[in-house]
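An overview of the molecular structure
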Amino acid sequence: MEQEKKIKLAAGFITQAKKIVILAGSGMSADSGLPTFRDKSGYWKNASIDHFKMASYTTFLNDPVVSWSFYADRISSYRASKPHLGYEILHGWCKRLGEDNCFVFTSNVDQLFLKAGFADQQIYHCHGTLDFMYCSDKSCQSRQTGLKHNSEQLLLKIHNGALPICSCGQIMRPHVMMFGDQSFHHSANDQAIERWNTFLQSIKRTDNLVVLEIGAGSTVTTVEDVTWQLSKVASAVIQINPNKPAPSESDSEWINLNGSALATLMALDDSLCHDFGVSQ
Ligand SMILES: [Zn+2]
């Protein structure tokens, strides 16, 4: 089917939806200038640095100064980034449905959904967020008392080679899932997981659930697995990705839109307005 027809078909499902789930991977942030891990200009191919190695737990253990300076750089670039218009469009759709009827599940650690106006209660950051840190010792009690904010002062210290140290003497670590991670604080996400599960349990067939999978890759399948799980109860899955193919079969209508997040969301919003009379 031509892209234009697919856009109209997808927009039709969005107008019928009483609930929307947004499943976002790094492709969602790419239009805000944050590179994805795997595209040609992404973190993995950038300069001479092996970013897979940089983002691994082994590097954090063996060379925490290098590891923390990598994360401090990412924190700084994330803080300077702004959500693109695609976030605003999604926020507009969700506002129309009401806050209780939308949920964002994202592996992105950049908090752009929060910056775009989504409520904290509507988001599950499944790989953590770079804004926080905690003790790397899993048995340390300080991990239970809440996450510590990564302040500008802390970033400055890290840039000067000093590491954040817990009162127990162990190194603090960023609240972001690393490759081969052995001390990610899963319980820090407990409340978000509970809200997410409550939302999932509330979904009924008559909600005409629309699942929007945006910019999610297939190497780390955390987001994709949820798309697959929800396709069994959704009226439609709208998959937005520049080059990802649709599966050969699925339990719901599966609309594969090959394009960037920003351009495709703008086209969908345009169709909602002009083909279905939904005011922007
Ligand atoms: Zn500690």
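Per an unreviewed UniProt entry, the protein chain carries the name protein acetyllysine N-acetyltransferase and comes from Nitrincola tapanii.

Glancing now at the side chain of threonine 106. Residue position: threonine 106 is located in strand E2 (residues 102-106). For threonine 106, a relative accessible area of 1% gives the class buried. In this structure the side chain of threonine 106 is engaged in a polar contact, spanning 2.9 Å, whose partner is the backbone oxygen of alanine 24. Residues in contact with threonine 106, not counting those within four places in the same chain, are Ala24, Phe113, Ile123, Tyr124, His125, Cys126 and His127.

Another point: unusual backbone geometry. Of note in this structure, glutamine 111 is not a glycine but carries a positive phi near 60°. Along the chain, the position of glutamine 111 falls in the loop between E2 and helix H7 (112-115). Since its relative accessible area comes to 15%, glutamine 111 is described here as buried. In the Ramachandran plot, asparagine 208 falls in the positive-phi region, its phi being about 45° despite a non-glycine side chain. Relative to the elements of secondary structure, asparagine 208 occurs in the loop between helix H9 (190-202) and strand E7 (210-214). A relative accessible area of 24% places asparagine 208 in the partly exposed class.

On to the sheet that holds strand E5 (residues 148-149), then. What links the strands of a sheet is backbone hydrogen bonding, and the strands pair in either a parallel or an antiparallel sense. Taking strand neighbours across the sheet as the criterion, the three strands line up as E5-E4-E6 in an open arrangement whose pairing is antiparallel. Unpaired on one side and paired on the other, E5 and strand E6 (172-176) mark the two borders of the sheet. Sitting on the sheet, helix H5 (residues 64-80) is in contact with strand E4 (128-135), E5 and E6, with an inclination near 140° to E4.

At 2.3 Å from the zinc ion lie its protein donor atoms, namely Cys135 (SG), Cys140 (SG), Cys166 (SG) and Cys168 (SG). The sequence motif formed by the donor residues of the zinc ion is C-x4-C-x25-C-x1-C. Here the residue cysteine 135 occupies a position in strand E4, and cysteine 166 occupies one in the loop between helix H8 (152-159) and E6, the gap between them amounting to 31 residues. The residues cysteine 135 and cysteine 166 share a single accessibility class, namely buried.

The next thing to look at is the packing of aromatic side chains. Applying the stated criterion across every chain yields a total of 10 aromatic pairs. Judged by centre distance (5.0 Å) and plane angle (65°), the ring pair of phenylalanine 70 and tyrosine 71 falls under edge-to-face. Comparing phenylalanine 70 with tyrosine 71 shows no difference in burial state: the two are buried. Grouping aromatic residues by their ring pairs yields a cluster made of Phe103, Phe105, Tyr124, Trp196 and Phe199.

About the cut-offs
- Residues numbered from 1 in each chain as written.
- Predicted model: local features only at pLDDT ≥ 70, side-chain atom pairs only at ≥ 80, totals over all residues.
- Heavy atoms only, no water.
- Helix = DSSP H or I, 4+ residues; strand = E, 2+ residues; numbered from the N terminus.
- Buried < 20%, exposed > 50% of the residue type's maximum accessible area, 1.4 Å probe, protein only.
- Polar contact = N/O pair within 3.5 Å; in protein donor to acceptor, adjacent residues only side chain to side chain.
- Contact = heavy atoms within 4.5 Å.
- Pairing = 2+ DSSP bridges.
- Axes fitted to C-alpha atoms, helices over the stretch in contact; angles between N-to-C directions.
- Donors = N, O, S within 2.8 Å, 3.2 Å for Na, K, Ca; no water.
- Phe/Tyr/Trp six-rings, centres within 6.5 Å; stacked < 30°, edge-to-face > 60°.

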